[in-house]
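Observations on chain architecture
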Amino acid sequence: MQRDYAYYTKVFDNVSKPFAFVDLDLLDENIERIIAHAGAKNIRIATKSVRSTTLLKRIIHKSPLFCGLMCFSPQEAIYLVKQGMDDIVMGYPVWEPSALSGLAELIRQGKSITLMVDSIQHIEHIEQIAERHGVRFPVCLDMDMSMDVPGLHFGVWRSPIHTVADARPVVERILSSSGVSMDGVMGYEAQIAGVGDHYPNMAAKNVLVRKLKQRSVKQIAEKREALVAMIEEAAGTPLRFVNGGGTGSLHTTTLEHAVTEVTVGSGFFSPGLFDNYKNFRYQPAAGYAVEIVRKPGENLYTCLGGGYTGSGAAGKDKLPKPYLPEGAALTSLEGAGEVQTPVFYKGDEHLELGDPIFFRHAKAGELCERFNQLYGVSKGKIREQISTYRGDGQCFL
């Protein structure tokens, strides 16, 4: 399903710029591909990559494989429960006592919310809140899935639990607690899911990354299986869920016998960073448009705003990508700016002042932090205006 400059300029004729949009046809295609790639595994939606209750509900209703949400903020989780959603796993530890108290009240009401932990200190802190509110917090143990090789930490700095031996005292503390209960385990293989291996003009680096990934995949599967076996033997009962992966590692995480569910977020929108993976390709379903306001030189078009840079280590791959017209590119010295973004374009489209340049954000969810709404496009027309968290008056991190 191909889209070109003429398609979107016709759809958005007379729409004030800047604006953001989601192509609902391409989004639905991505959803179907993700379901197919997940096989028999359940899918937990990473809310940080979507940040719109309307779109979260749209995705959930597409298949019974969508089993729940992985949230990035306790305030966000509380908000989503109030919007009718349930089965929430916190993707990161929660420490703020008032936030834990809010989650405790929801658990008291029968809502399914699981906290993320990776230390005895987490457990002891949570127990104080649990006792105060008369509840028992379900918890998920987060195990580090990075791989260390000489001179390189291949992965992210996440959990201090690197081995089954590291996990054992924390597991024993959980199982002996009256304030928490063991609900599940997770491990995010960021070095597989979050690292591209198909960058243009970087053949040597691509080969190295692929070799490291292949080695890491085997290690991850063995580590996760051993962790699950240890916990289930100690507890005497199976875990409710074993979570792994991300969009970029679906093709490997779904092959693990121990895994019961995979987390997916970025694949729904398929932002710019996901152009650099060898093993899969999704449709570019979301983007934004800014207006040409200057022509400072031949084949140069300066737009108002547009500098929506992705988070993480600073680099060119975190810059937004000029998407349409095809062949448009940022300039090397200015990049994408806070109030102006020059674009070089030498192609067949005749561009004038007031025309749009369409961009794709480098990462998925951060786009929604810039706009109150997304125009929902289907079959060549704007079908709805979809509110983002920001449009709902919400800002969590």
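Residues numbered from 1 in each chain as written. Predicted model: local features only at pLDDT ≥ 70, side-chain atom pairs only at ≥ 80, totals over all residues. Heavy atoms only, no water.

As recorded in an unreviewed UniProt entry, the chain goes by Amino acid deaminase/aldolase and comes from Paenibacillus dokdonensis.

Thoughts on the overall build of the chain
When its secondary structure is counted, the chain shows 10 helices and 19 strands. When the backbone C-alpha atoms are referred to their principal axes, the chain occupies close to 70 × 50 × 35 Å. For the chain, with 397 residues in total, the buried portion stands at 56%. The long-range share in the chain, meaning contacts at least 24 apart out of those at least 6 apart in sequence, stands at 69%. Accessible surface for the chain amounts to roughly 17500 Å². Of this, 51% is attributable to carbon and sulfur atoms. (Helix = DSSP H or I, 4+ residues; strand = E, 2+ residues; numbered from the N terminus. Buried < 20%, exposed > 50% of the residue type's maximum accessible area, 1.4 Å probe, protein only. Contact = heavy atoms within 4.5 Å. Areas by Shrake-Rupley, 256 points an atom, 1.4 Å probe, with all protein chains shown as cover.)

Topic: the sheet that holds strand β9 (residues 180–187)
By definition, the strands of a sheet pair up through backbone hydrogen bonds, in either a parallel or an antiparallel sense. The strand order β2-β3-β4-β5-β6-β9-β10-β11 describes a closed barrel built from 8 strands, whose pairing is parallel. For this sheet, the mean angle separating the axes of adjacent strands, direction not counted, is 30°. Relative to β9, strand β6 (residues 137–142) runs parallel, the two sharing 6 bridges. When the sheet's bridge partners are listed, D142 is paired in β9 with M186. Sitting on the sheet, helix α2 (residues 24–38) touches β2 (42–46), β3 (66–71) and β11 (261–264), and the angle it makes with β2 is about 135°. Packed onto the sheet, helix α7 (residues 164–175) meets β5 (113–117), β6 and β9 and runs at close to 150° relative to β9. (Pairing = 2+ DSSP bridges. Axes fitted to C-alpha atoms, helices over the stretch in contact; angles between N-to-C directions.)

Focus on the environment of R294
As for its placement among the helices and strands, R294 is situated in strand β12 (residues 286–297). As a C-alpha pair, R294 and G307 span 13 residues in sequence and 16 Å in three-dimensional space. With residues near it in sequence (within four places) discarded, R294 still touches L300, Y301, T302, Q340 and L353. Within polar-contact distance, the side chain of R294 engages the side chain of Q340 at 3.0 Å. (Polar contact = N/O pair within 3.5 Å; in protein donor to acceptor, adjacent residues only side chain to side chain.)

Some details on the pattern of salt bridges
Per the stated rule, a full pass over the model turns up 20 salt bridges. Of the charged contacts in the structure, one is a salt bridge between E261 and R44, with a shortest N-O distance of 2.6 Å. With E261 in strand β11 and R44 in strand β2, this residue pair connects regions lying 217 residues apart in the sequence. (Salt bridge = Lys/Arg side-chain N within 4 Å of Asp/Glu carboxyl O.)

Some words on unusual backbone geometry
Here the bond from K17 into P18 is cis, since omega is 5°, no more than 30 degrees from zero. Examined against the element boundaries, P18 turns out to sit in the loop between α1 (5–11) and β1 (19–23). Residue L324 is joined to P325 through a cis peptide bond whose omega torsion reads 5°. Among the secondary structure elements, P325 is positioned in the loop between β14 (321–324) and β15 (329–330).

Considerations on the environment of E261
Residue E261 is classed as buried on the basis of its relative accessible area, which comes to 3%. The spatial distance from the C-alpha of E261 to the C-alpha of E76 is 22 Å, given a sequence separation of 185 residues. Apart from the residues lying within four places of it in its own chain, the contact partners of E261 are N42, R44, C67, F241, V242, N243 and G244. Among the polar contacts listed, one links the side chain of E261 to the side chain of N243, at a separation of 2.8 Å.

Side note on the pairing of strand β18 (residues 373–378)
Of all 6 residues that make up β18, 5 are buried, and the element is covered over most of its length. Note: β1 against β18, 4 bridges, orientation parallel. Pairing of V22 across the sheet is with G376, part of β18.

Some thoughts on the packing of aromatic side chains
Tallied over the entire structure, the rule returns 21 aromatic pairs. Aromatic pair F19 and Y375: ring centres 5.9 Å apart, planes at 85°, arrangement edge-to-face. Linking F19 in strand β1 with Y375 in strand β18, this pair joins segments that are 356 residues apart in sequence. Their ring planes at 85° and their centres at 5.6 Å tell us that Y308 and F371 sit as a pair that is edge-to-face. With Y308 in the loop between β13 (300–304) and β14 and F371 in the loop between β17 (356–360) and β18, this residue pair connects regions lying 63 residues apart in the sequence. (Phe/Tyr/Trp six-rings, centres within 6.5 Å; stacked < 30°, edge-to-face > 60°.)

Brief notes about the packing of helix α4 (residues 74–82) against helix α5 (residues 97–108)
In contact at an axis separation of 9 Å, α4 and α5 are set at 25° when each is read in the N-to-C sense. Here α4 is positioned roughly parallel relative to α5, judged by the angle of their axes. When you trace α4 past α5, the crossing you get is left-handed. Residues P74, Q75, A77, I78 and V81 of α4 form the contact with α5, whose own contacting residues are A99, G102, L103 and L106. Considering only residue class, the contact of α4 with α5 consists of 7 nonpolar, 2 polar and no charged. (Parallel < 35°, antiparallel > 145°, perpendicular 65-115°, else oblique. Left-handed = near helix turned anticlockwise from the far one by under 90°. Nonpolar A, V, L, I, M, F, W, Y, C, P; charged D, E, K, R; others polar.)

Let's talk about the nonpolar core
Core analysis: the largest hydrophobic core is formed by 115 residues, its most contacted members being F12, F137, L141, F268 and F358. Here this core gets 7 residues from one element, more than from any other, and that element is α2. The residues touching F268, leaving out its near neighbours within four places in the chain, are L27, N30, I31, I34, I45, V50, I59, F66 and A285. Within the second largest apolar cluster, 6 residues are counted, among which are M70, C140, M186 and F241. (Core = buried A, V, L, I, M, F, W, Y, C linked by side-chain atoms within 4.5 Å.)

Brief notes about α2
Compared with the 21 Å implied by 1.5 Å per residue over 15 residues, the 21 Å span of α2 between its first and last C-alpha is a close match. Most of α2 sits out of view: 11 of its 15 residues are buried. Where α2 is concerned, the buried positions are L24, D25, L26, L27, D28, E29, N30, I31, I34, I35 and A38. Looking at where α2 begins, the residue whose side-chain oxygen comes 3.2 Å from the main-chain nitrogen of D25 is D23. (Expected span 1.5 Å × (residues − 1).)

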